[in-house]
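Reading the structure
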Amino acid sequence: MNRTLTLCAGLVLLALGQASADTLLKLDARAAAPAPTTGHLQLGTARSPQGQTLDVNSQYLLRDGKPWLPVMGEYHYSRAPASQWDTQLRLMKAAGIDIVASYVFWNHHQEQPGAFNWKGTHDLRRFVQLAQAAGLQVVVRLGPWAHGEARYGGIPDWVVDKMPTRGNDPEYMGHVERLYAEIGVQLKGLLWKDGGPVVGVQLENEYNVRGPGKGEDHISALKKLALKAGMDVPLYTVTGWDGTVYPSGEVTPVFGGYPDEPWATSTRELPPKETHAFRFNTRVSGDLGAQTQSHAPGTAETDKDKVPFLGAEYGPGLPAMYRRRTLVSPDDIAAMLPVQLGSGVNLFGYYMFHGGRNPVGVGGTGLEESTLSGGYNDTPRISYDFQAPLGPDGQQRPVLTKLRPFHYFLREHGAALATMTVRQPERSPTNPADLQTPRWSVRSKGDAGFLFFNNHVRQYAMPAQVGVRFELQLPGGTVTLPSTPIDIPNGAYFIWPINLELDGVMLRHATAQPVTRLDAGAQGIVHVFATTAGVPAEFALPDGIRTLKPDANQLQRIGSRDGRAVSVLLLAPEQVEQLNVLEIAGQRRLVFSEQQAWVADGKLQLRGIGPQPLRAAVFPALPGPRAVGLKVGQDGLLQRLELAGDNAQPTLQISPTRPARAVPPVLKGGLAKAAVQPIPEAFAAAATWSLKLPQPLAPNAEDVLLELDFVGDIGRVFAGSRMLDDWYYNGQRWQIGLRQFALQPGAELQLSVLPLRGDAPVYIDAAHRPAFAAGQTQVAELRGARLLTVRRAAIAP
């Protein structure tokens, strides 16, 4: 212990001693990069009837022969009302998502032996069709074992009860064959080879099981069943972490990472995670919560030079688990992007991008993962919020505003980035716990590249990097940036360009992040950049070094091409967080709004929560925007649009109905030998409140959110005896969209809050852990409850 303290003190003194000196961070990117190879992966049909192609080599994906670095987001159709699918898929597209992924949970479709249910919220075919209409590609995660915090990983009870699973047992594989055949019927005519959006399928999940009839043989058998069911697609994937085994060449692995581990058993803050540290020799990022343990290296470790680095499960939030209730910040999530992209990821996939709710099984059976059914974790019976960028009812979370600029960057510059090789600095951290050494990398090809930097680690303050300059040795010479040393503050993370060609204008470097490009007609070509907080925005241009000031209302000309101006639009952090890049009236436009903005039926859609007016600023201006009550104005560069707010918010009548009673101590046990969720009978001790809805319930609103602010252990909301939603307290506001439940006018809901004991062995972030007064042993409080209208308007262009 004393040696550790001495070492830490020494590092701090060393850092302080260097504070007054410049820090030159060096990297050599002159070595030739290996060319991509083909022939190893034996996947499916890559050509559509229209002649479009989707191929893969050892380094990246190719669409129509051009490198493609897409963004993928998970959204579970069977955990969401079918009435919401169309809007939510379009919101995902507007946020920069290119591919939507979804599990097919077997027990959602065939809970009992016999017929499958593909209707309503189970209508996979309609979900895929709506995704195509929204301009999204689709990856279907077939299972049969999915995990996804589902009961038995999604395998029906009647299968688990009767036969061995997750291997080539003949009886089990017979049922899997029928499942795959049913999915094949749902997807018939919707595959890439048919001109449809389905570009890939995933087989199994987190599969590191070895032995006779298992391992590589099982994955190979599943692929044969998928092909037999007609699922011939360009990509067959498996998850590549936690020692996964698969037949090399038949599938390609996908990877992921999370900024914390809700599945861990610790009741304390965890050490710094790998997701915030650049990786140069491995693609596997720590513990991702696989339900089985591997005792040998997986196939992905030996396949590294044969397959591209594709991601499927980078967490833009975290699941709720009873014993560990982590609440991540937007920066905890967004800081992962420069790290993962700078480590070589060439498909950025999120799990989950959209939250949801579990369906309730026959007879009220919970379909969630639970220690009561032998699961490793306890999760809410209904809620699958996941702190996702889009909440279960489509709410825009703050994290989404941090992620969008990275997505737009990839849409514009991903083709170039995909071909670039990861370069390791001369000095890099020895492990994720090294918080002193600067965290950065470069991806380059020839003299062009991007510099990636991260100075944010969840729950750990990072030292300011003082007096920093970067020295990059490139084939054509050395680039040093910026021109004068800068200080990089704690919490900063960014992507900066090196030798980026901007429509004929060579940008040698910039200390600002590229976002997107648009053709503004008579105003020329506009390249949008975002400033890095605390760092001057320096642009090294052919006519010299220029330091630009952010202003969303000013084009700053940097050159010309073919008689047209080439300009930079430089945005401050608060401006880029309001930015949406949308195609409206046949033209790419910038739409700035604090509210949600997307396109449907050729119109700009705005959606907001609460009484505030709906506002947006558009560039280039819409030719003739029209909507009832719309105010239109011009403020310099930006066209201003505004629709009046609605101050008549519905009133909720709240009455306490039952005080809390003493709850017994939280027990430990289960496979994790940690805190387990209280048994159902324990909820008799819950405090309860009546929540009386008004009559009528905001008839002109698209939806009404019930927002609850409580402190306790577990909250539940009922309409009569029907549980609508549930929630593990973690400090996050709980919101429930009410329209989906078709409640009667003036309905009375009940909120129950199970008390949280002061000695409960569960982890809650320090900022939200309740403080117990002397002699207080438990807490169950409702601090606030209200109704918020969700308003939507369509503006014709």
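In what follows, the structure referred to is the one given above.
Residues numbered from 1 in each chain as written. Predicted model: local features only at pLDDT ≥ 70, side-chain atom pairs only at ≥ 80, totals over all residues. Heavy atoms only, no water.

**Observations regarding the overall build of the chain**
- A count of helical and extended segments in the chain gives 12 helices and 48 strands.
- Radius of gyration (C-alpha) of the chain: 27 Å, near the 28 Å computed for a compact globule of 797 residues.
- Projecting the C-alpha coordinates of the chain onto the three principal axes gives extents of approximately 75 × 70 × 65 Å.
- Within the span of the chain, comprising 797 residues, buried residues form 60% of the whole.
- Long-range contacts, defined as pairs at least 24 residues apart, comprise 73% of the intrachain contacts of the chain with a sequence gap of at least 6.
- On the chain, roughly 29600 Å² of surface is accessible, and the fraction owed to carbon and sulfur atoms is 51%.
- If the 76 positive side-chain charges of the chain are averaged to one point and the 73 negative ones to another, these points end up 2 Å apart. (Helix = DSSP H or I, 4+ residues; strand = E, 2+ residues; numbered from the N terminus. Rg over C-alpha atoms; globule rule 2.2 N^0.38 Å. Buried < 20%, exposed > 50% of the residue type's maximum accessible area, 1.4 Å probe, protein only. Contact = heavy atoms within 4.5 Å. Areas by Shrake-Rupley, 256 points an atom, 1.4 Å probe, with all protein chains shown as cover. Lys, Arg positive; Asp, Glu negative; His and termini not counted. Charge placed at Lys NZ, Arg CZ, Asp CG, Glu CD.)

**A word on the packing of aromatic side chains**
- Scanning the entire structure with this criterion turns up 28 aromatic pairs.
- Seen in terms of ring centroids, Phe-348 and Tyr-350 are 5.0 Å apart; in terms of plane orientation they differ by 65 degrees. Their pairing is edge-to-face.
- Since its relative accessible area comes to 1%, Tyr-350 is described here as buried.
- Here the aromatic rings of Phe-529 and Phe-539 are separated by 5.1 Å at their centres, their planes lie at 75 degrees, and the arrangement is edge-to-face. On the criterion of sequence distance, the pair formed by Phe-529 in strand S24 (residues 525-531) and Phe-539 in strand S25 (residues 537-541) is long-range, its members being 10 residues apart. Taken as a pair, Phe-529 and Phe-539 share a single burial class, namely buried.
- One aromatic cluster is present, built from ring pairs that chain together Tyr-103, Phe-105, Tyr-351, Tyr-384 and Phe-386.
- Over the ring of Tyr-384 we find Arg-79; its NZ or CZ atom is 3.7 Å from the centre of that ring.
- In this structure, Arg-166 is placed above the aromatic ring of Trp-145, and the distance from its NZ or CZ to the ring centre is 3.8 Å. (Phe/Tyr/Trp six-rings, centres within 6.5 Å; stacked < 30°, edge-to-face > 60°. Lys NZ or Arg CZ within 6 Å of the ring centre and 35° of its normal.)

**Regarding the pattern of salt bridges**
- Summed over all chains, the structure comprises 37 salt bridges.
- Lys-273 is the partner of Glu-274 in a salt bridge, and the nearest nitrogen-oxygen pair spans 3.9 Å.
- When its relative accessible area of 27% is taken as the criterion, Glu-274 is described as partly exposed.
- For Arg-757, the salt bridge identified is with Asp-759, shortest N-O distance 2.9 Å.
- A relative accessible area of 18% means that Arg-757 is categorised as buried.
- The exposure class assigned to Asp-759 is partly exposed, which follows from its relative accessible area of 49%. (Salt bridge = Lys/Arg side-chain N within 4 Å of Asp/Glu carboxyl O.)

**Structural notes on the sheet that holds strand S35 (residues 638-643)**
- The five strands are arranged S29-S30-S33-S35-S34 in an open sheet whose pairing can be described as antiparallel. Each end of this open sheet is capped by a strand with a single partner; those strands are strand S29 (579-584) and strand S34 (631-635). Averaged over all adjacent pairs, the angle separating strand axes in this sheet is 30 degrees, with direction ignored.
- As paired elements, strand S33 (residues 614-619) and S35 share five bridges and run antiparallel to each other. Paired with Ala-616 across the strands is Leu-641, a residue of S35. (Pairing = 2+ DSSP bridges. Axes fitted to C-alpha atoms, helices over the stretch in contact; angles between N-to-C directions.)

**Details of helix H4 (residues 124-133)**
- Taken together, the buried positions of H4 are Leu-124, Phe-127, Val-128, Leu-130 and Ala-131. Seen from one end, H4 has its buried residues packed into an arc of 160 degrees, which puts them on one side.
- Positive backbone phi, approximately 85 degrees, marks Gly-135, located one or two places after H4. (Arc of directions from axis to C-beta.)

**Comments concerning the pairing of strand S6 (residues 99-103)**
- Burial within S6 is extensive, with five of its five residues counted as buried.
- Residues Ile-99, Ala-101 and Tyr-103 of S6 are buried on one face, and the alternating residues Val-100 and Ser-102, pointing to the opposite face, are buried as well.
- As paired elements, strand S5 (residues 71-74) and S6 share three bridges and run parallel to each other. Residue pairing across strands places Gly-73 opposite Val-100, the latter belonging to S6.
- Handedness of the crossover joining S5 and S6 through helix H2 (residues 85-94) is recorded here as right-handed. (Right-handed = clockwise from strand over helix to strand, strands pointing away.)

**Examining the packing of H2 against H4**
- Interaxial distance between H2 and H4 falls to 9 Å at its minimum, and their mutual angle equals 40 degrees. With respect to H4, the element H2 is oriented oblique. Between H2 and H4 lies a crossing of right-handed hand. Together, Trp-85, Asp-86, Leu-89 and Arg-90 of H2 and Arg-126, Phe-127, Leu-130, Ala-131 and Ala-133 of H4 make up the contact between the two elements. (Parallel < 35°, antiparallel > 145°, perpendicular 65-115°, else oblique. Left-handed = near helix turned anticlockwise from the far one by under 90°.)

**With respect to the side chain of Asp-725**
- Relative to the elements of secondary structure, Asp-725 occurs in strand S42 (residues 722-728).
- Assessed through its relative accessible area of 2%, Asp-725 is described here as buried.
- A polar atom in the side chain of Asp-725 sits 3.1 Å from the side chain of Arg-357.
- Not counting residues within four places of it along the chain, the set of residues in contact with Asp-725 comprises Arg-357, Ile-382, Ser-383, Gly-715, Arg-716, Val-717, Trp-734, Gln-735 and Ile-736. (Polar contact = N/O pair within 3.5 Å; in protein donor to acceptor, adjacent residues only side chain to side chain.)

**Let's talk about the pairing of strand S31 (residues 596-600)**
- Most of S31 sits out of view: four of its five residues are buried.
- Summarising the sheet, S31 and strand S32 (residues 603-609) pair through five bridges and their orientation is antiparallel. Each bridged residue has a counterpart across the sheet, and for Trp-598 the counterpart in S32 is Gln-605.
- Linking two consecutive strands that pair antiparallel, namely S31 and S32, is a turn of two residues; a positive phi of about 55 degrees is found at Asp-601 within it.

**Description of the environment of Gly-669**
- You can see Gly-669 is positioned in strand S37 (residues 668-669).
- Each C-alpha atom, one on Gly-669 and one on Asn-431, is 33 Å from the other, the two residues being 238 residues apart in sequence.
- Beyond its immediate sequence surroundings of up to four residues, Gly-669 is in contact with Ala-674 and Val-676.

**Describing unusual backbone geometry**
- A cis geometry characterises the amide bond from Tyr-351 onward to Met-352, with omega recorded as -5 degrees.
- Take Met-352: it is sitting in the loop between strand S13 (348-350) and strand S14 (356-357).
- Cis geometry marks the peptide bond from Leu-481 to Pro-482; its omega dihedral reads -10 degrees.
- Along the polypeptide, Pro-482 turns up in strand S20 (residues 477-488).
- In the Ramachandran plot, His-147 falls in the positive-phi region, its phi being about 65 degrees despite a non-glycine side chain.

Read these as geometric descriptors, not functional statements.
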